[in-house]
Amino acid sequence: MRTLGQFPAYRPRRMRATETVRSMIRETSLSVADFIYPLFVKEGEGRADQVPSMPGVYQLTVDMLPAEIDRLCDLGIRSVLLFGLPDHKDECGSEAYNPQGIVQRAVRSIKAHCPEMYVITDVCMCEYTSHGHCGKLDDAGRVINDATLEWLSAEALSHVRAGADMVAPSDMMDGRIAHIRAALDAEGYEHVPIMSYSTKYASGFYGPFRDAADSAPAFGDRRAYQMDPANASEGVREAMLDIAEGADLVMVKPALSYLDVLYRVKSETDFPTVAYNVSGEYAMVKAAAANGWIDERRVVLELLLSMKRAGADAIITYHAKDAAAWLAAEGE
Ligand code: PBG
């Protein structure tokens, strides 16, 4: 490390005087290519229902998707992450791997309308089980790890058969990346990448999402499978484990309270690393902005930039549409 004593004449403000010199030495940039936009898809027809705790985010029926995809394309957004809201939930989350399930139909509809749109699907059981947990339960109400892997692989496979470009398991079971990789490879889907929610914490910031996806656990919490917020080294180990099992991208989720973990996962794995800017983070910004307490545009771009600076290669964010429009306006 150099010491400042070696540079007695260094005057940082000289390079801050104008936008031209500032942009000349800028270390990090934000681009619409960084964004992955989450979409919530529900049963029914002709509906776009706003999520109360997430202003600007809608649950859409499948017939509403083509128009939404056109809007995203116009903004330059090229990839989406799908979440399904089935009408029917049961103990074994059977809608998750139904070939005619809500996500499977949504994937087919998007790919038929716009083959260039890159479709990623969230692979998890909590939106499909009647108890709202991310897997199969034993009599004591604990999630059984290895039996859940069968469901997750069946779900991932059905998404890929429907045309998904990438699958993203978010359940936090041990060994699921290897299991899903083997299931995809066995059917000739070696070319389909897996984005692992490798480093996912048991977080209070998922509250609004559970309204949006109707996936709150009916009892207890997810601390027996999601990570302890106190652990950073374990977050890096989780990412390395998933890479060893075949993950193509790893993730840190949530983003803002875990930028230290994001920095470490990126620098210690040197693998493509995604930040998930989650629902609670979005809701806080929206609430403060609605009250006129913060400048939404400035704050959102600053937050997204902080994730890039910490090491994110891509960002899953509900702000994607607004941010894309703001970045386009800056470029004009
Ligand atoms: C499914 C899943 C969750 C999120 C993404 N996938 C919820 C959870 O784990 O309870 C959260 C996303 C967000 O808060 O924006 N397991």
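The structure displayed is predicted, hence computed values, not measured ones.

**Some words on the nonpolar core**
Alright, step 1. Of all hydrophobic cores here, the largest spans 72 residues; its most connected members are Leu 39 and Leu 82.
Alright, step 2. Top contributing element to this core by residue count: helix 4 (residues 145-162), with 7 residues.
Alright, step 3. Residue contacts for Leu 82: discarding those within four places in its chain leaves Leu 39, Val 41, Val 103, Ala 106, Val 107, Ile 110, Val 119, Ile 120, Thr 121 and Asp 122.
Alright, step 4. Leu 85, Met 251, Tyr 276 and Tyr 318 belong to the second largest nonpolar core, which has 26 residues in total.

**Quick look at the environment of Arg 297**
Alright, step 1. The topology assignment puts Arg 297 in helix 10 (residues 296-310).
Alright, step 2. Measuring from C-alpha to C-alpha, the distance between Arg 297 and His 319 comes to 9.8 Å, with 22 residues separating the pair along the chain.
Alright, step 3. Sequence-distant contacts of Arg 297, that is, excluding residues within four places in its chain, are made with Trp 326 and Glu 330.

**Here we look at empty space enclosed by the protein**
Alright, step 1. Counted by the stated rule, this structure contains 3 cavities of 30 Å³ or more.
Alright, step 2. Estimates place the volume of the largest cavity at around 110 Å³.
Alright, step 3. Looking at the largest cavity, it is lined by 13 residues, and the ones nearest its centre are Cys 126, Lys 200, Phe 209, Arg 222 and Lys 253.
Alright, step 4. When grouped by side-chain class, the residues that make up the lining of the largest cavity number 5 nonpolar, 3 polar and 5 charged.
Alright, step 5. As a volume, the second largest cavity reaches approximately 40 Å³.

**Focus on helix 9 (residues 279-290)**
Alright, step 1. In this model helix 9 runs 16 Å from its N-terminal to its C-terminal C-alpha over 12 residues, within 8% of the 16 Å that 1.5 Å per residue would give.
Alright, step 2. Burial analysis of helix 9 places 9 of its 12 residues in the buried class, the great majority of the element.
Alright, step 3. Buried within helix 9 we find Ser 279, Gly 280, Glu 281, Tyr 282, Ala 283, Val 285, Lys 286, Ala 288 and Ala 289.
Alright, step 4. Gly 292 occupies a position one or two residues after helix 9 and carries a positive phi of about 75 degrees.

**Remarks on the pattern of salt bridges**
Alright, step 1. Counted under the stated rule, the structure contains 22 salt bridges.
Alright, step 2. The partner of Lys 321 in a salt bridge is Glu 68, and the shortest N-O contact between them spans 2.8 Å. One end of the pair, Lys 321, is in helix 11 (residues 320-331); the other, Glu 68, is in helix 2 (residues 65-75), with 253 residues separating them in the sequence. The exposure classification of Lys 321 matches that of Glu 68, with both residues buried.
Alright, step 3. Here Glu 187 makes a salt bridge to Arg 161, at a shortest N to O gap of 2.7 Å.

Analysis parameters
Residues numbered from 1 in each chain as written. Predicted model: local features only at pLDDT ≥ 70, side-chain atom pairs only at ≥ 80, totals over all residues. Heavy atoms only, no water. Core = buried A, V, L, I, M, F, W, Y, C linked by side-chain atoms within 4.5 Å. Buried < 20%, exposed > 50% of the residue type's maximum accessible area, 1.4 Å probe, protein only. Helix = DSSP H or I, 4+ residues; strand = E, 2+ residues; numbered from the N terminus. Contact = heavy atoms within 4.5 Å. 1 Å grid on protein atoms, 1.4 Å probe; cavity = no way out; pocket = protein on both sides within 12 Å on 5 of 7 lines; lining within 4 Å. Points joined across faces, edges and corners; volume = space filled by probe spheres on them. Nonpolar A, V, L, I, M, F, W, Y, C, P; charged D, E, K, R; others polar. Expected span 1.5 Å × (residues − 1). Salt bridge = Lys/Arg side-chain N within 4 Å of Asp/Glu carboxyl O.

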